[in-house]
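Breakdown of the fold
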Amino acid sequence: MAKSLSNPVASLISVPFQYNYDEGFGPNGNGSRTTVNVQPVEPISIGKNWNLISRTIVPFITQDDVIPGTSQSGIGDIVQSFFFSPKEPTANGLIWGAGPAFLLPTATSSALGADQFAAGPTGVVLRQSGPWTYGALGNHLWDVGGGSTEINATFIQPFLSYTTPDAWSFTLNSESTYDWEADQWSVPLNFVVAKVVTIAGQPVSVGGGVRYWAESPTGAADDWAARLVVTFLFPK
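Read on for a plain summary of the structure. (Residues numbered from 1 in each chain as written. Predicted model: local features only at pLDDT ≥ 70, side-chain atom pairs only at ≥ 80, totals over all residues. Heavy atoms only, no water.)

**Regarding the pattern of salt bridges**
The criterion, for reference: By definition here, a salt bridge exists when the distance from a side-chain nitrogen of Lys or Arg to a carboxyl oxygen of Asp or Glu is within 4 Å. Note on conventions: DSSP H or I runs of at least 4 residues are helices, E runs of at least 2 residues are strands, and numbering of each starts at the N terminus. The classification of residues rests on relative accessible area computed with a 1.4 Å probe and restricted to protein chains. Under 20% of the type maximum is buried, over 50% is exposed, and intermediate values are partly exposed.
Inspection of every chain in the model, using the stated rule, returns 2 salt bridges. For the salt bridge of Arg211 with Asp22, the shortest nitrogen-to-oxygen distance reads 2.7 Å. Of the two residues, Arg211 is situated in strand β14 (residues 202–215) and Asp22 in strand β1 (residues 12–25); the sequence distance between them amounts to 189 residues. Note on accessibility: Arg211 and Asp22 belong to one class, buried. Salt-bridge contacts for Arg227 lead to Glu175; the nearest nitrogen and oxygen are separated by 3.0 Å. In this pair, Arg227 is assigned in strand β15 (residues 223–235) and Glu175 in the loop between β11 (168–174) and β12 (176–179), connecting sequence segments 52 residues apart. For the residue pair Arg227 and Glu175, the accessibility class agrees, reading buried in each case.

See below:
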């Protein structure tokens, strides 16, 4: 299960709760933001050879002084992705999936979301060899309809993970976004250590780590940040 967590299209139901704390927001760099992403992943069999993987990201956000002198708290925009993925790797060991991704304007405050529906393609490709998992996930979203925000953004998430026989995982990734409208990169580098344990018969992955913002737009998060993750696992 620890190794399956490194595979975004594994046949494993998981419900991660990902806590993120970032600083450096606003014109004076004094703003802070806490984001708890609830990220359920559910594989659905659609035949002998294929799965449909549903991946949802629901952000719960609390922020202070991102807009100077104000605070906001609520739900941000939901990202929903679907991956059509073969149940077995290819002959050369590649695991892949592809499908659509959607940005849903669910934010409870205009300060927490884009107020715009967006859609585009998403895909993932990876290989698992011994204790190693490496690959990349990505998507591109364009705004659809008449919202107030223009969206034209590419998300790229390369990842590298090492899993030990006793279910420790060491993961390095980046969750980079290029905003084609603003011509700007956001490049956070994440390192997380996690361990699969059993609590009252329930498999759970518990982990934490750090994030460093190698590149970010003016007024956005910068420097170092923290991440904690608790993932409930439901083997099929």
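**Thoughts on the side chain of Asp22**
Defined as follows: Pairs of N or O atoms are called polar contacts if they sit within 3.5 Å, as long as, within protein, a hydrogen donor faces a hydrogen acceptor (for residues adjacent in sequence, only side-chain-to-side-chain pairs). Whether two residues are in contact is decided by their heavy atoms, any of which lying within 4.5 Å being enough.
Looking at Asp22, the relative accessible area reads 7%, which means it is buried. In this structure the side chain of Asp22 is engaged in a polar contact, spanning 2.7 Å, whose partner is the side chain of Arg211. Among residues more than four places away in sequence, those in contact with Asp22 are Gly31, Ser32, Arg33, Arg211, Trp213, Ala221 and Ala225.

**So, the packing of aromatic side chains**
For the record, the criterion: The rule is short: rings of Phe, Tyr and Trp, with Trp giving its six-membered ring, pair when the centres are within 6.5 Å, and they are stacked under 30 degrees, edge-to-face over 60, tilted in between.
Applying the stated criterion across every chain, the model contains 7 aromatic pairs. On the numbers, 5.7 Å between centres and 80 degrees between planes, the contact of Trp50 with Trp96 is edge-to-face. Of this pair, Trp50 sits in strand β4 (residues 50–64) while Trp96 sits in strand β7 (residues 94–104), placing them 46 residues apart in sequence. Exposure remark for Trp50: the relative accessible area of 34% places this residue in the partly exposed category. Under the relative-accessibility criterion, Trp96 is labelled partly exposed at 33%. Both rings, one in Tyr178 and one in Trp180, keep their centres 4.7 Å apart while their planes meet at 85 degrees; by these two values the pair is edge-to-face.

**Some points on unusual backbone geometry**
You will see that Asp183, though not glycine, has its phi angle at about 55 degrees, which is positive. Inspection of the secondary structure puts Asp183 in the loop between β12 and β13 (184–199). Asp183 gets classed as exposed once you look at its relative accessible area, which sits at 55%. Phi at Ala200 is positive, roughly 55 degrees, even though this residue is not glycine.

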